[in-house]
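Results of the structural survey
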Amino acid sequence: MQNPSHIQGVSLAALADEFGTPAYIYDGEKITTQVKTLQEAFSTVPLKIKYATKALSNINILKLIRKAGAGIDAVSIEEVKLGMMAGYSPEEIMYTPSGVGFEEIREAVKLGIMINLDSLPLMEEFGQIYGNTVPACIRINPHIMAGGNIKISTGHKESKFGISIEQLPQILKKVSNYKLQIIGLHIHTGSDILDAEVFLRGGNVLFEAAMKFADLKFLDFGGGFKVAYKPNDISTDIMEVGKKVGEAFQEFCLRYGRQLELWLEPGKFLVSEAGYLLVKANVVKESTSVTFVGVDSGLNHLIRPMMYDAYHEVYNLSNPEGKKAKYNVVGYICETDTIAAHRELTEVKAGDLLVIKNAGAYGFSMASNYNSRLRPPEILIWGGKAHQIRKRENFEDLIRNQEILDI
Ligand code: LLP
């Protein structure tokens, strides 16, 4: 299924006819398979998967992931609510805030959601208000540089996330002052992490800190497994990570004197490869040195190439076998929104359908209305059928919340 023309027997070209372009298409079976693969890789430990909702937060996707046996990690009170709408019980949701106001914490606690405390001031306020009555988790910054690039590295010394491991004495002081019930420790070092060793290094930081806590029930290793974006790209060897981390974890549990749960928070690993952004070539424009293909989408729908210099494979669905030429695939936004530069594609004509791969994670969820453009529909292929799980926006949606003054 390198460059699929069909997903679960459903023709992508027929989807373009039915729903128009641009459109996000998700392969529900692929998502379920990824959950199962992760469960298998970590089968030697009591595993809990907490899907990083931010990657793709359509309620139907959350339902599907729940059905496959995973919980969720939410990073806003809105994501918490989406999770609950998808049928998750509060115990299946962890809330990992990043410097949010305390009213959001209060709201989440009221809903019965566990909070992943990410700063010393938050620990202080949490302690003053809830003392030992509400169990919580602590997000540690392990000072590990990891991930595909600095913008998606979250566990290094200068990163805003979590509480520095060097501040462990202060953490412990707050725990003892307020008799906090800390049942979990968490790290997340970044995204696009290839190397199994990074997870082991993170584990060692967690293990050492964990010895200072008496009531732990779980250790959360975060997410960040790398998926293959380029042809012949390598992805995290999940079986190797599962084996190595699983062994180290079980050894630690013996030392700790209690069997803990191992939590993971993958986003990309579960949904990236399942997603395709289906677009149409509006124009093929030959310049002196470059041939541009202008498509009916851009950084408003998929910002990853521009924000992170991320590579997304593109193929011409309308001309699968033709001879190849080099193109710059660019968006229709009034910015330099290059989706793919100097890329070999089978010859493109105006009107051809192009497919942008790996669009499941951080695609729609980072989309915007920039240039007053409308966001595309989301189509889930599930049970061999196409289901529209979000309609295309219309002009009414764009102006819905504007109050028009009598000027
Ligand atoms: N857990 C936490 C606390 C996170 O902050 C993240 C991602 C994850 C889990 C999931 O990471 P993943 O398995 O998806 O790599 N928008 C960027 C990625 C930012 C990720 C932020 N945090 C991108 O498109 O590459």
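Not measured: the values here are computed from a predicted model.

**Notes on the environment of Gly-112**
Among the structural elements, Gly-112 can be located in the loop between helix H5 (102-110) and strand S7 (114-117). According to the C-beta neighbour criterion, Gly-112 is exposed, with 12 such atoms within 10 Å. Between the C-alpha atom of Gly-112 and that of Ser-89, which follows or precedes it by 23 residues, the distance is 8.9 Å.

**Remarks on the site of the ligand**
Neighbouring the ligand are 21 residues; Ala-52, Ser-191, Gly-223, Gly-267 and Tyr-362 lie closest to it. Listing elements by their share of the shell around the ligand, those giving two or more residues are helix H10 (268-271) and helix H11 (304-308). Considered class by class, the residues forming the shell around the ligand number nine nonpolar, eight polar and four charged. Residues lining the shell around the ligand come from more than one domain, with at least three contributed by each of domain 1 (6-20 + 274-393) and domain 2 (28-271).

**Details of unusual backbone geometry**
When glycine is set aside, most residues are seen to have a negative phi, and most peptide bonds are trans. Backbone torsion omega between Thr-21 and Pro-22 reads -5°, so that peptide bond is classified as cis. Within the secondary structure, Pro-22 is located in the loop between helix H1 (12-19) and strand S3 (23-27). The phi dihedral of Lys-179 is positive, around 50°, even though this residue is not glycine. On the neighbour-count criterion, Lys-179 (10 C-beta atoms within 10 Å) is exposed. With a phi close to 60°, Tyr-362 is a non-glycine residue in the positive phi region.

**Regarding helix H3 (residues 59-67)**
Those residues of H3 that fall on the buried side of the exposure criterion are Ile-61, Leu-62, Leu-64 and Ile-65. Burial along H3 is one-sided: seen end-on, the buried residues are contained in an arc of 160°. Of the surrounding secondary structure, the elements contacted by the buried residues of H3 are S3, helix H2 (28-41), strand S4 (47-52), strand S5 (71-74), helix H4 (77-85) and H10.

**Section: the environment of Asn-328**
Looking at the secondary structure, you find Asn-328 in strand S16 (residues 324-330). A tally of 18 C-beta atoms within 10 Å means that Asn-328 is categorised as partly exposed. With twelve residues separating them along the chain, Asn-328 and Ala-340 place their C-alpha atoms 5.7 Å apart. Look past the residues within four positions of Asn-328 in its chain and what remains in contact with it is Val-290, Phe-292, Thr-338, Ala-341 and His-342.

**Points about the UniProt feature "modified residue: N6-(pyridoxal phosphate)lysine" (unreviewed entry) in the protein chain**
What UniProt calls "modified residue: N6-(pyridoxal phosphate)lysine" (unreviewed entry) maps, in this numbering, to Lys-54. With respect to the helices and strands, the residue Lys-54 is situated in the loop between S4 and H3. Of the residues examined, Lys-54 has 20 C-beta atoms within 10 Å and is grouped as buried. In this view, Lys-54 contacts Val-75, Glu-79, Gly-267 and Ser-365; residues no more than four positions away in its chain are not counted.

Definitions and limits used
Residues numbered from 1 in each chain as written. Predicted model: local features only at pLDDT ≥ 70, side-chain atom pairs only at ≥ 80, totals over all residues. Helix = DSSP H or I, 4+ residues; strand = E, 2+ residues; numbered from the N terminus. Buried ≥ 20, exposed ≤ 12 C-beta atoms within 10 Å, placed from the backbone. Near = placed C-beta within 6 Å. Nonpolar A, V, L, I, M, F, W, Y, C, P; charged D, E, K, R; others polar. Domains from an automatic or database assignment. Arc of directions from axis to C-beta. Contact = placed C-beta atoms within 7 Å. UniProt positions renumbered as here; feature names shortened; annotations may be inferred.

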